[in-house]
Amino acid sequence: MPWPWCRKSRRTLARIAIEGPIAGGTRVRVLKAIEQVQQRECPALLLRIDSPGGTVGDSQEIHAALMRLREKGCRVVASFGNISASGGVYVGVAAEKIVANPGTITGSIGVILRGNDLSRLLKRIGIRFETVKSGLYKDILSPDRALSEGERQLLQELIDASYGQFVAAVATGRGLEQDVVRAFADGRVFSGAQALELGLVDVLGDEESARRLAAELAGLDPEKARTVSFGKPPRKLLGLLPGSTLMQQLSQSLSLELAWSGQPLWLHRP
């Protein structure tokens, strides 16, 4: 059902922010926001990204939704904040134009998969796992033993395939040859100024510069275009408590090590 004020929305500049690691919660929130932007027929979207990246599938789904939004005629401009790396880049290259601060940390194009080998610790404290499995690789990356050479090769093939998808998306989004992308897509990070030289971004500037560019691409007056934010993350009670920022950072780090262990990630992990 179309929104009753679509005509007014055609003069509205939409804004969606992607902040923090990209995982299931972010995907659900951003996809819903993109759907709202499409329903309201906003002519342009300012996509603010401040993220080190995240899970492969969630990044791909957001990228695909942005591409569909562009096919509907919405002009999409990405604004890279403090950091837009790995999966943040993958999402960002779905935009028509990318604006970054000169000091933005970006790049880190690649895939990482980590497991935890706790076998020596478990042996020391007298814990041993008994495993019954249906196939040779069913308990791959189990924490009670090291990887075999066959398992390592199998996982490397998985990582290489995911890496190839990443390179292809960057090459297509930025209008570059895949060989050119592979030359710098080895996991290294860049400043926004370096990314401009490589063709990863189009313009150096802040979010306001990106907002004005999005308005101009949509034929709106940058001075008069009204910006409306979609998909704001819910405020958490923890955020009101002293020291909440540190607690959130610790919780985030723990989730990366535990919840995402064994998953291929497009994530900058210094």
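The structure displayed is predicted, hence computed values, not measured ones.

Caption draft 1: Local environment of the overall build of the chain. Secondary structure assignment for the chain yields 10 helices and 10 strands. In the chain, which comprises 270 residues, the share counted as buried stands at 42%. Of the roughly 14700 Å² that the chain leaves accessible, carbon and sulfur atoms contribute 53%.

Caption draft 2: The environment of Ala225, seen in detail. Considering the arrangement of structural elements, one finds Ala225 in the loop between α9 (207–217) and β9 (226–230). Taking relative accessible area as the criterion, Ala225 reaches 13% and is therefore assigned buried. Linking Ala225 and Arg211, residues 14 residues apart in sequence, is a C-alpha distance of 9.4 Å. Apart from the residues within four sequence positions on either side, Ala225 is in contact with Arg11, Arg211, Ala215 and Leu220.

Caption draft 3: Quick peek at the packing of helix α2 (residues 24–39) against helix α3 (residues 56–71). Look at α2 against α3: their axes get within 9 Å of each other, and the N-to-C directions meet at 5 degrees. On the basis of their axis angle, the class for α2 and α3 is roughly parallel. Across from Gly24, Arg27, Val30, Leu31, Ile34, Val37 and Gln38 in α2, the residues of α3 making contact are Asp58, Glu61, Ile62, Ala65, Leu66 and Leu69. Its residues assigned to classes, the contact of α2 with α3 comprises 8 nonpolar, 2 polar and 3 charged.

Caption draft 4: Region of interest: α9. Within the sequence span of α9, burial applies to Ala210, Arg211, Ala214 and Ala215. All buried residues of α9 project into a common sector of 135 degrees when viewed along the axis, lining one side. The inward-facing, buried residues of α9 contact β1 (12–19), β2 (44–51), β4 (75–85), β5 (97–100) and β9. Just beyond α9, the residue with positive phi is Gly219, at close to 75 degrees.

Caption draft 5: Highlighting the environment of Lys72. The topology assignment puts Lys72 in the loop between α3 and β4. Judged by its relative accessible area of 62%, Lys72 is exposed. Separated by 29 residues in the primary sequence, Lys72 and Pro43 have C-alpha atoms spaced 9.4 Å apart.

Caption draft 6: How the structure looks around the pattern of salt bridges. In total, this model carries 13 salt bridges according to the counting rule given. Its salt-bridge partner being Arg145, residue Asp139 comes within 2.9 Å of it at the nearest N-O pair. Accessibility expressed as a relative area gives 14% for Asp139, which makes it buried. Three or more residues are tied together by salt bridges with common partners; here these are Lys133, Asp139, Arg145 and Glu151.

Caption draft 7: Region of interest: the side chain of Ser51. Residue position: Ser51 is located in strand β2. Taking relative accessible area as the criterion, Ser51 reaches 0% and is therefore assigned buried. There is a polar contact of 3.0 Å between the side chain of Ser51 and the backbone nitrogen of Gly53.

About the criteria used
Residues numbered from 1 in each chain as written. Predicted model: local features only at pLDDT ≥ 70, side-chain atom pairs only at ≥ 80, totals over all residues. Heavy atoms only, no water. Helix = DSSP H or I, 4+ residues; strand = E, 2+ residues; numbered from the N terminus. Buried < 20%, exposed > 50% of the residue type's maximum accessible area, 1.4 Å probe, protein only. Areas by Shrake-Rupley, 256 points an atom, 1.4 Å probe, with all protein chains shown as cover. Contact = heavy atoms within 4.5 Å. Axes fitted to C-alpha atoms, helices over the stretch in contact; angles between N-to-C directions. Parallel < 35°, antiparallel > 145°, perpendicular 65-115°, else oblique. Nonpolar A, V, L, I, M, F, W, Y, C, P; charged D, E, K, R; others polar. Arc of directions from axis to C-beta. Salt bridge = Lys/Arg side-chain N within 4 Å of Asp/Glu carboxyl O. Polar contact = N/O pair within 3.5 Å; in protein donor to acceptor, adjacent residues only side chain to side chain.

Everything listed here is a matter of geometry and, on its own, says nothing about what the molecule does.
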